[in-house]
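The lines below spell out each chain.
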Amino acid sequence: MALVLSGGGARGGAHVGVIAALEDEGVPIDFISGSSFGAIVGGLYAVGYSPADLECILGDLDWAYLFDRRPDRRRLSYPNKQRSDRGLFQLKVEERGVSLPAGLQDGQRVSQLLERLTAIPLYQAGNDYDRLRIPFRAIATDLLRGRVRTFRSGPLSTALRASMAVPGIFTPVEHEGTLLVDGGVLDNLPVDAALEWGADIIIAVDVSTPLRSSKDEFGSLVDVLDQTISLHIEADMARSRDKADVVLRPDLTGFTNSSFDRVKEMLPAGRRAVSEQLEALRSLLAEKGIDLPAAKPTPSIHRHDRFDHATFVYAPAQVTVEETEVRGVEPALREEVAEHVQRPSGPVGAADIRRFDESVSRIYGSLLFDSVAFHLQPQPAPSRLLYEVDPASLSKLGVGLRYDREYQFTGAFDFVSRRFKETDFDFFATALVGNVRRFRTGLEGGSVSSGELFFSSSFEFLTFDRLLFQGDDSVGDFQDQRLGWNLSLNRLIGTSGQAALQYRLEQANISRGVGRFAQPSSETLSGLRASFHWDSFDADQLAGRGLRAGVSLEVQDTSLGSDFSYLSMQAGLQHRFTWGPATLGAGGQWRLIDGGAPFYQLVYVGGRGYFDFSGIPFAGLRREESVSKQALVLEALYRHSLRRFRFGLLRSISAQAVYNTGFFATLDSRDLGGPRHGAAFGAALEVQFLGPIQVMLGRAQDSDWTSYFSIGHRF
């Protein structure tokens, strides 16, 4: 008795209902073949997961997190956090030119989850799918050879990831010298795999989306292209259905192939499809002389109310690993990989699988690899832990766009060439265009380990405007233009910290200033700066957990070539904690100018701090509404999650409020005055690819109401 499960995207949730109903009726399942989502369901059931387990796993998964293309921010080094936070769309730069990525998603998180779910039971089966609890086949499409690829052995996570690699959405899987994509392209209902295995009776489950049958259903070019492709797939599926003994087609009206957040709702449709065909199935079995045995439900593996995709590991028993091997890594990157590779020798259980998975996340977080995976290989002897890495293109171009009410539209371009000219340095060139214009280029130490020292040096051109206020009235602005060079000695501290000692030389040119905020000629700034930064936030703008802190001391002196002599000191701390739907935040920032600093180097406060040169954020104040020699701003934040979406472009909707208390000096004194209060409230949307959307309305003491609006990642 073979069960064949078709592809169909999220509609494959009905497969779980079919399996549950067949178990309840005592229908034996001796073999499973699956394509795309059908391979996911069939593969997990074959290794030992029960229908209840599958309902919990597939129904509770945060699919939006799983399909997120960005590495886990907490696993990135401090410099890579800043690069990843920009959220730029990445293009490959190769000898033949600039090219688009092979897919919107690299599927890294999907692969890691599947490996945690299947590694140990697959090891116990000797990586042979015929030795699983139920023999199994996964179907993929070989792009290079133009034929069906049937997986019978090897890492199950690779087979399942290849089988669900929808072209354009997921990057193809590189395996044994070829490229593999979704099995549904050539065999969406893999009945032939069951016939090849030798099945006597085949139950085929078709959850594919029906073809459009009315011209009113064609509203765009996408609809036409989709129907054109679907006609070919449907013709192949019709031939496969004719070869099956029983065909189940659950009624999934109202569900689409992207209804991942409604997987549990599809189970009853699968059960009904079995019920409707049950008598025909019994008659078929009777003709074969087969009596249905008593029902034997599969014992559940997952015994919790909800499935935690970040920690769950299926480890029915400990297995033995004798050696560790790394494949695919280039000599120049061996140290980066070796730092994180686990090298067990002896029994391996659930805790070890989590450690292997953690090491994969850290290697992937180096941003040097397109994919990273681990597998347990029992054969050939000796048994081993195998790491497989796929190096990323050494040169990439990132592009992005953001909008905020303070600076309007800003475009970003970021070019990085790793291991520049076969050295240990990375070459970079970044540009911002819009009301903020910035160009920065230079070299920085390439992939370095925590605790290692590395140099960086860059040239920078920056132009932006600062607003001028008299009281709460805007009286003009001035343009701040800088041309500078810096040299830094840096040291990474874990994955969250960086210490730096920097020398900076820059020329400042100010135009359109008025009164004491005017500059008659260009001026030179030359000084030393020591700093330490720590960032363990899980997100840049809408963080739910973590700590962000920094402290710095800058010395400007005429003996160093500066036109001014003064000290600039600053310190900041932000903490975020989430409990249920509520996120609480607290923190503060302090800045002090001691000495004769020029007006454009004073402490500016106001706005939401969208760029690194912006003033201290203060709810209710407009950008740069306050300027002084010293400021201390305390902050309290409350964010309440109104809804989280487990699939789609929109990740979450939240309401949030910010309260600030500030103590400010004046232009002529460093003494802090009495407190000034401000608050703002509004909404935040987290959108895949686009970045956060935030809108807030605020008011500060002795100021008018002001609004804030931004779309996109911070550059």
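Residues numbered from 1 in each chain as written. Predicted model: local features only at pLDDT ≥ 70, side-chain atom pairs only at ≥ 80, totals over all residues. Heavy atoms only, no water.

Enquirer: Can you break down unusual backbone geometry residue by residue, with the values?
Expert: The backbone of Gln-408 sits at a positive phi, close to 65 degrees, despite the residue not being glycine. Within the secondary structure, Gln-408 is located in strand β19 (residues 408-417). The exposure class assigned to Gln-408 is partly exposed, which follows from its relative accessible area of 34%. Residue Arg-512 is not a glycine yet carries a positive backbone phi of 70 degrees. Secondary-structure assignment places Arg-512 in the loop between β24 (497-511) and β25 (523-535). (Helix = DSSP H or I, 4+ residues; strand = E, 2+ residues; numbered from the N terminus. Buried < 20%, exposed > 50% of the residue type's maximum accessible area, 1.4 Å probe, protein only.)

Enquirer: How would you explain the pairing of strand β2 (residues 31-35) if you had to name every residue and give the values?
Expert: Taking burial as the measure, the 5 residues of β2 include 5 buried ones, the bulk of the element. A two-sided burial pattern is seen for β2, the buried positions comprising Phe-31, Ser-33 and Ser-35 on one face and Ile-32 and Gly-34 on the other. Examined bridge by bridge, strand β1 (residues 2-5) and β2 share 4 bridges and lie parallel to one another. Residue Leu-3 lies in a different strand from β2, and its bridge partner there is Ile-32. Taken together, the 4 bridges between β2 and strand β6 (residues 136-142) define a ladder with parallel strand orientation. Considered in β6, the bridge of Gly-34 is made with Ala-138. (Pairing = 2+ DSSP bridges.)

Enquirer: With reference to specific residues and values, describe the packing of aromatic side chains.
Expert: The full count for this structure, using the stated rule, is 25 aromatic pairs. Judged by centre distance (6.0 Å) and plane angle (55 degrees), the ring pair of Phe-37 and Phe-260 falls under tilted. Residue Phe-37 is found in helix α2 (residues 37-47), and its partner Phe-260 is found in the loop between β12 (246-248) and α10 (263-287); the two are separated by 223 residues along the sequence. The class of Phe-37 is buried, set by a relative accessible area of 6%. Phe-260 gets classed as buried once you look at its relative accessible area, which sits at 8%. For the pair Phe-611 and Phe-613, a centre-to-centre distance of 5.3 Å together with 5 degrees between the ring planes defines the contact as stacked. The exposure class of Phe-613 is buried, given its relative accessible area of 10%. By the ring-pair criterion, three or more aromatic residues cluster together here, those being Phe-37, Trp-63, Phe-67, Phe-170, Phe-260 and Phe-647. Of note, Arg-133 hangs over the ring of Tyr-45, and the distance from its end group to the ring centre comes to 4.7 Å. One Lys or Arg, Arg-149, reaches over the ring of Phe-151 and ends 4.6 Å from the middle of that ring. (Phe/Tyr/Trp six-rings, centres within 6.5 Å; stacked < 30°, edge-to-face > 60°. Lys NZ or Arg CZ within 6 Å of the ring centre and 35° of its normal.)

Enquirer: Report on the packing of α2 against helix α3 (residues 51-60), specifying residues and quantitative values.
Expert: Between α2 and α3, the least distance of the axes is 10 Å, while the angle of their chain directions is 135 degrees. One element, α2, and the other, α3, form an angle in the oblique class. Between α2 and α3 the crossing geometry is right-handed. Facing α2, whose interface residues are Phe-37, Ile-40, Val-41, Leu-44 and Tyr-45, α3 presents Pro-51, Leu-54 and Leu-58. The class makeup of the residues in the contact of α2 with α3 is 8 nonpolar, no polar and no charged. (Axes fitted to C-alpha atoms, helices over the stretch in contact; angles between N-to-C directions. Parallel < 35°, antiparallel > 145°, perpendicular 65-115°, else oblique. Left-handed = near helix turned anticlockwise from the far one by under 90°. Contact = heavy atoms within 4.5 Å. Nonpolar A, V, L, I, M, F, W, Y, C, P; charged D, E, K, R; others polar.)

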